[in-house]
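# Descriptive analysis of the structure
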Amino acid sequence: MSGHLSSITERLAELLARPVSAEDRARARLHLLDWVGCAVAGAREADVARVAALAAAEGQGSCRIVGGGPVGPQAAALANGPAGAILEMDDVDRRALLHPGPVVMPAALALAEHLGVTDGKALLDAIVRGYEAMIRIGRAAGPSHYRFFHPTGTLGGFGAAAAGASLMALDDERTAWALGLAGQQGAGLWRARHEPGSVKALHDGRAAANGVASALLARDGFRGPLKVLEGEQGLFPAMAPDADPEAVLVPAADWLIHEISFKPHAACRHAHPAIDAALALRARLLSLSAHPRESGDPGLQTIRVETYRDSVLFCDKPHPTTPAEGKFSLQQSVAVALIYGDAGLDRFEPAALADPEIAALRARVSVAVADDLTAAYPARFGARLIATAGGVEHRIEALDALGDPENPMSPDAVRDKARALMAWGGMRLDAAERLIAAVEGLGLTTTVADLSAALPRRDA
């Protein structure tokens, strides 16, 4: 690309071309393992199976649906996107308020399979670059975009397209075209969270498929609009009125994948700090008890959750009736953490939602917006619990959610999470260990083909 780089996508394409290090690839492996676990578990959900059936109707190809059969690249990305997102355990960028994994990973894997890329390092490099594009544009979009739009859906295509451009080694001009095409096709309204269904997870698949198509078209000479972000009638003026376009290009010492958070609990990320505070409160109460027990109502009379405004907006659901509502309920999340000492997948299943003991404790949980925690958000996801037991008040603060860079999960913890998700998805232990080994050896001892072969399939 010659001459003055006048558009943000042109300059972003140039930025994305810088080298990826061995340390960056190691981080990408960890996120890939996290996504694989989420996708294996999510593939068994009924709505994911419905999307997979739609994808399979497109005909056979060289790409794999997790838990399914071979299809073309757009179809695989469409099916595998919801699989990695539907259980609400996918990775997240706090500042951009979006989830890179279930968009970038399905797109990058599908294109690697479609193109016959075997080098694991090439796949990992594509993941790093895809995360970078998606995060940078997401962070620049500003809070007004998040008010109406699900950024993972509207902006995820940029990450998927960047990953595809990396895999195909597109030059800066065609990478910018791919980004422009992706920006033209992004969609995802927050209406999805107000009614039953899995539309929110479908956004991820649509964004991944959008990026796949955008990269392939740009490779073949299909031009995309270069000023898709900042230009007249572009994405930012139309959908993000308080966006800071130049923030897309803010210098960073490292690739932004290192700043992404992992989610240890099976709930909306906005519920995580309250869960962490509840777990800390439970540990305190057990240490004070003369007769501690593994589970059960801890005997708290009142439980007040104070947290930031978006957490209350998204997750104040005192009477959840479906697993999706339970995962977006501060009341359910805090109650199960206090009773059982975890907020795993089974704590949001119908039996748990209907459990009288959980319902009784859930009814004692009140929720309020805290101005100080709102002011710190989204740089910090925080919550505090104020609870009374036997006339004694207990105050617990969790100012950084577990899994954030300031309070990280260890690689062993991410591996254990993936192993548990694979078990939830029905994988045998030996098969799960082969899949984990294929991911952790990618670019070192294993290839993309090894990874694809280790994924569960319809006849496994």
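The rules we used
- Residues numbered from 1 in each chain as written.
- Predicted model: local features only at pLDDT ≥ 70, side-chain atom pairs only at ≥ 80, totals over all residues.
- Heavy atoms only, no water.
- Helix = DSSP H or I, 4+ residues; strand = E, 2+ residues; numbered from the N terminus.
- Rg over C-alpha atoms; globule rule 2.2 N^0.38 Å.
- Buried < 20%, exposed > 50% of the residue type's maximum accessible area, 1.4 Å probe, protein only.
- Contact = heavy atoms within 4.5 Å.
- Lys, Arg positive; Asp, Glu negative; His and termini not counted.
- Charge placed at Lys NZ, Arg CZ, Asp CG, Glu CD.
- Polar contact = N/O pair within 3.5 Å; in protein donor to acceptor, adjacent residues only side chain to side chain.
- Pairing = 2+ DSSP bridges.
- Axes fitted to C-alpha atoms, helices over the stretch in contact; angles between N-to-C directions.
- Salt bridge = Lys/Arg side-chain N within 4 Å of Asp/Glu carboxyl O.
- Core = buried A, V, L, I, M, F, W, Y, C linked by side-chain atoms within 4.5 Å.

## Quick notes on the overall build of the protein chain
- Looking only at helices and strands, the protein chain has 21 helices and six strands in total.
- Taken over the C-alpha trace, the protein chain has a radius of gyration of 22 Å; the compact-globule value for 460 residues is 23 Å, and the two agree within 12%.
- Dimensions of the protein chain, computed from C-alpha atoms along their principal axes, come out at roughly 70 × 50 × 40 Å.
- When each of the 460 residues of the protein chain is scored for burial, the buried share is 59%.
- Once local pairs closer than 6 in sequence are excluded, the contacts in the protein chain between residues at least 24 apart make up 76%.
- Positive and negative side-chain charges in the protein chain, numbering 45 and 55 respectively, have mean positions lying 2 Å apart.

## Description of the side chain of aspartate 297
- Examined against the element boundaries, aspartate 297 turns out to sit in the loop between helix 12 (272-288) and strand 3 (302-307).
- By relative accessible area, aspartate 297 is classed as buried at 15%.
- A distance of 2.8 Å separates a polar side-chain atom of aspartate 297 from the backbone nitrogen of glycine 299.
- If near-sequence neighbours (up to four positions away) are discounted, aspartate 297 is found in contact with Ile339, Glu357, Leu361 and Arg364.

## Considering the sheet that holds strand 6 (residues 392-398)
- Reading across from one edge, 4-3-5-6 is the order of the four strands in this open sheet, with mixed pairing throughout. Strands at the two margins of the open sheet, each flanked by one partner only, are strand 4 (365-369) and strand 6. Averaged over neighbouring strand pairs, the angle between their axes works out to 20 degrees when direction is ignored.
- In this sheet, strand 6 lies alongside strand 5 (residues 383-389) in antiparallel orientation, the contact comprising seven bridges. Its bridge partner being in strand 6, alanine 387 is matched across the sheet by histidine 394.

## With respect to the pattern of salt bridges
- Enumeration according to the criterion identifies 29 salt bridges in this entry.
- Put simply, arginine 94 and glutamate 406 hold a salt bridge, and the shortest N to O gap is 2.9 Å. Placement of the pair is arginine 94 in the loop between helix 4 (73-85) and helix 5 (101-115) and glutamate 406 in the loop between strand 6 and helix 19 (411-424), with a sequence separation of 312 residues.
- What makes arginine 94 buried here is its relative accessible area of 9%.
- Here glutamate 406 falls in the partly exposed class, since its relative accessible area comes to 47%.
- A cluster of three or more residues bridged by salt bridges with shared partners is formed by Arg304, Glu306, Asp372, Arg384 and Glu397.

## Overview of the environment of proline 241
- Within the secondary structure, proline 241 sits in the loop between helix 11 (235-239) and helix 12.
- Accessibility expressed as a relative area gives 66% for proline 241, which makes it exposed.
- Separated by 98 residues in sequence, proline 241 and proline 143 place their C-alpha atoms 9.2 Å apart.
- Discounting chain neighbours no more than four positions away, the residues touching proline 241 are Ser144 and Phe236.

## Structural notes on the nonpolar core
- Judged by nonpolar contacts, the single largest core of 146 residues is most densely connected at Ile127, Phe236, Met422 and Leu435.
- No other element matches the 12 residues that helix 6 (residues 120-141) contributes to this core.
- For methionine 422, the residues in contact, after removing those within four places along its chain, are Leu33, Val36, Gly37, Val40, Met427, Ala432, Leu435 and Ile436.
- Counting nine residues, the second largest nonpolar core, distinct from the first, contains Ala52, Val71, Ala79 and Ala110.

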